[in-house]
Amino acid sequence: MEDPSSANPLGEPADESGLSRRKFLVLGTATAAAVASSFAARRLPAETPVAPLAAPTTETPWMAKLSLRVNGATHALELDTRTTLLDALREHLRLTGSKKGCDHGQCGACTVMVNGERINSCLTLALMHQGDEITTIEGLGTPQKMHPMQAAFVKCDGFQCGYCTPGQICSAVATLREIKAGIPSHVTEDLSAPAKLTTLELRERMSGNICRCGAYSNIVEAITEAAGAKDQA
Amino acid sequence: MKPFTYERAKSPAEAAAAATRQPTAKFIAGGTNLLDLMKLQIETPTHLIDVNGLGFDKIETTPEGGLRIGALVRNTALAADARVRRDYAVLTRAIVAGASGQLRNKATTAGNLLQRTRCPYFYDTAQPCNKRQPGSGCGAIGGYSRQLAVIGVSDACIATYPGDMAVAMRVLDATVETVKADGTKRSIPIADFHRLPGTTPHVETVLAPGELITAVVLPKPLGGKHYYRKVRDRASYAFALVSVAAVIQPDGTGHVAVGGIAHKPWRVEAAEKELPKGAKAVAAKLLAGAKPTEDNAFKLKLVERTLGAVLAAAKKA
């Protein structure tokens, strides 16, 4: 069994098995099988994992050591090879700002920035991001010192339930960079001219972030507001 | 996902050799389609060979005046490349018509070519599907087939190739460069790269086991006006019902390929001779022998009208 203290970073009371209620709920999810059986896991060599001579014949997970650099801090981890970047952030580093919506790259709630570019963290393996600079919503700003995009979402009421918001904000920050870098979109009329910051462009470029509350018009307003603000990260 | 081992390949030959050694291994680059399918246990590799370190991430001009696009060039980088925007605009237009900004940042040129169908019966593991499980039957035939193929279909499969990028590459006569485990290289014309379903819909390309894509080569620019017109159920972030990639010359001649209607990007060179006569004449030849279902017969008219819209725009421009 895992060390109860590491299983309980939220300070929740643990029961006799060392499991907090939150941890118990986590164990009920699809990723749980890996967590629960990790004590029996097979281990891959740390830096250059080598293929086994025979294919795995059981459901026992393969573990690998890796380090992830997230929001400026480096973390040493040992993870099931199947762990997505999203699950590594949420379940292992307890950075729960990035959300698991669809877990299939369709909703954008898991959007983080890797080396400054936005990606769906649910559709990539943690193991594939050694040496990358990963930025999550927690790394953009804090309640005391918000990133201009976070402040703009608050000001413009760019959310209702808030579940998609961390992904929307990470996506929005990267979208402004993409426009600045001149990357064209589906609605860019002239491919030889610099990309423009228009409502139509923002709507198209943000189409990978779904908001089921339908706060879209306020989200576009917030991004437009932030684009005018100074000190873009 | 099923458990898997993982390695980072250090050379193309090493990657191909590792894949040949283990038939249940898969290459992984962007991973946006593969990991989605692994979560659903539609793909169940026991070993992943990460090819991201192989350095195929550049776009270079060729001695023939074309472009060699490295297999690992991300969709965003390819669409944004100044040479592609200027000389192969149909390719930029096709790429930015697909997926989302997040996915295009991760998806690679080779991976995009190899993405698998979005046929709902392929995705639903409770349904029969000859592509997912050879011999199990096809749930789509006689089922919900509105999005599916209208031409080049077989009694085993009516799935479509879902991508946009390859449709533009087909119109540009690209070639796919590969390397095998023994180090031999070959160039495959994109016309021959994707297969029709026939009796083996699970075999989607002509790649041999372990064969690794290293680049896609575009011949020298065609000139003309470039169009990629995609018709879909949403304005953004949806697969094509029908898409038309076209390069139209000032005299009205040109090249046309269609997406969303077949198991591969659909182009009939003989139909292009009809371009000066208009969309109806082209569509009649392009779609000769079509076998639509009741649900997707609308695609035949939609191809003609989408092509008509493209030709009208070319005339006006």
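What counts, and at which threshold
Residues numbered from 1 in each chain as written. Chains lettered and ligands numbered in written order. Predicted model: local features only at pLDDT ≥ 70, side-chain atom pairs only at ≥ 80, totals over all residues. Heavy atoms only, no water. Helix = DSSP H or I, 4+ residues; strand = E, 2+ residues; numbered from the N terminus. Contact = heavy atoms within 4.5 Å. Domains from an automatic or database assignment. Buried area = accessible area lost by both parts, 1.4 Å probe. Salt bridge = Lys/Arg side-chain N within 4 Å of Asp/Glu carboxyl O. Polar contact = N/O pair within 3.5 Å; in protein donor to acceptor, adjacent residues only side chain to side chain. Nonpolar A, V, L, I, M, F, W, Y, C, P; charged D, E, K, R; others polar. Axes fitted to C-alpha atoms, helices over the stretch in contact; angles between N-to-C directions. Parallel < 35°, antiparallel > 145°, perpendicular 65-115°, else oblique. Left-handed = near helix turned anticlockwise from the far one by under 90°. Pairing = 2+ DSSP bridges. Core = buried A, V, L, I, M, F, W, Y, C linked by side-chain atoms within 4.5 Å. Buried < 20%, exposed > 50% of the residue type's maximum accessible area, 1.4 Å probe, protein only.

Along its length, chain A carries eight helices and six strands. When its helices and strands are written in sequence order, chain A yields α-α-β-β-β-α-β-β-β-α-α-α-α-α. Sequence-distant contacts in chain A: of pairs separated by 6 or more residues, those separated by 24 or more amount to 50%.

Our focus in this paragraph is the domain arrangement of chain A. It is common to give the size of an interface as the accessible area lost on bringing the parts into contact. All names here are of chain A. Under the domain assignment used here, chain A contains domain 1 (63–139) and domain 2 (141–227). For domain 1 versus domain 2, the separation of C-alpha centres amounts to 21 Å. In this assembly, 17 residues from domain 1 lie in contact with 18 residues from domain 2. The junction of domain 1 with domain 2 conceals about 1400 Å² of combined surface from both sides, 53% of it contributed by carbon and sulfur atoms. Broken down residue by residue, the surface that domain 1 buries against domain 2 is led by Met113, Arg118 and Ile137, which jointly contribute 45%. Between Glu178 and Arg118 there is a salt bridge whose closest N-O contact spans 2.9 Å. At the surface where domain 1 touches domain 2, the tally comes to nine residue pairs in polar contact (both at pLDDT 80 or more). Elements that contribute at least two residues to the side of domain 1 that touches domain 2 include exactly strand S4 (111–114) and helix H4 (137–140). In terms of residue class, the side of domain 1 that touches domain 2 is made up of five nonpolar, eight polar and four charged.

Below, the discussion takes up the packing of helix H5 (residues 148–156) of chain A against helix H6 (residues 165–180) of chain A. All names here are of chain A. Contact geometry of H5 with H6 gives a least axis separation of 10 Å together with a crossing angle of 125°. By the angle class used here, H5 and H6 are oblique. Crossing of H5 over H6 shows right-handed handedness. Contacts between H5 and H6 pair Met149, Gln150 and Phe153 from the former with Thr165, Gln168, Ile169, Ala172, Val173 and Leu176 from the latter. Tallied by class, the residues present in the contact of H5 with H6 amount to six nonpolar, three polar and no charged.

Another point: the interface of chain B and chain A. Of the residues lining the interface, 44 residues belong to chain B; the matching set on chain A comes to 51 residues. Between chain B and chain A, a total of about 3800 Å² is buried, with carbon and sulfur atoms accounting for 56% of that surface. Interface area lost by chain B to chain A is led by Pro3(B), Tyr6(B) and Gln102(B), which between them contribute 18%. Joining chain B to chain A, the criterion identifies one salt bridge. Asp103(A) is the partner of Lys39(B) in a salt bridge, and the nearest nitrogen-oxygen pair spans 2.8 Å. In this assembly, chain B and chain A are joined by 19 residue pairs in polar contact (both at pLDDT 80 or more). Of all the elements in the fold, those that place two or more residues in the side of chain B that touches chain A are strand S1 (5–8), helix H2 (34–39), strand S3 (47–50), helix H3 (75–80), helix H5 (89–96) and helix H6 (101–106) of chain B. When residues in the side of chain B that touches chain A are grouped by element, the largest group, five residues, is from H6(B). Considering only residue class, the side of chain B that touches chain A consists of 17 nonpolar, 16 polar and 11 charged.

Turning our eyes to something else, we now look at the pattern of salt bridges. Residue and element names in this part refer to chain B. This structure, assessed with the given rule, holds 27 salt bridges over all chains. Salt-bridge contacts for Arg170 lead to Asp173; the nearest nitrogen and oxygen are separated by 3.9 Å. Between Glu272 and Arg267 there is a salt bridge, with the nearest N and O atoms lying 2.7 Å from each other. Through salt bridges that share partners, Lys26, Glu43, Arg116, Lys131 and Glu204 make up one connected network.

Moving on, we get to the sheet that holds strand S4 (residues 59–61) of chain B. Consider a sheet: its strands pair through backbone hydrogen bonds, and that pairing is either parallel or antiparallel. All names here are of chain B. With antiparallel pairing, the five strands of this open sheet are ordered in space as S4-S5-S8-S6-S7. Where the open sheet ends on each side, the last strands, each with one partner, are S4 and strand S7 (185–189). The sheet shows a mean angle of 25° between the axes of neighbouring strands, taken without regard to direction. Across three bridges, S4 lies against strand S5 (residues 67–70) in antiparallel orientation. By the bridge assignment for S5, Thr61 is matched with Leu67.

This part is about the nonpolar core. Within the largest apolar cluster, 51 residues are counted, with the highest numbers of intra-cluster contacts made by Leu78(B), Leu91(B), Leu113(B) and Met169(B). Of the residues forming this core, the biggest block, six residues, is contributed by helix H9 (residues 165–171) of chain B. Contact partners of Leu78(B), with chain neighbours within four places excluded, come to Ile59(B), Ile69(B), Val73(B), Val84(B), Leu91(B), Thr92(B), Ile95(B), Thr109(B), Met165(B) and Met169(B). Core analysis: the second largest hydrophobic core is formed by 33 residues, Leu79(A), Leu95(A), Cys110(A) and Cys122(A) among them.

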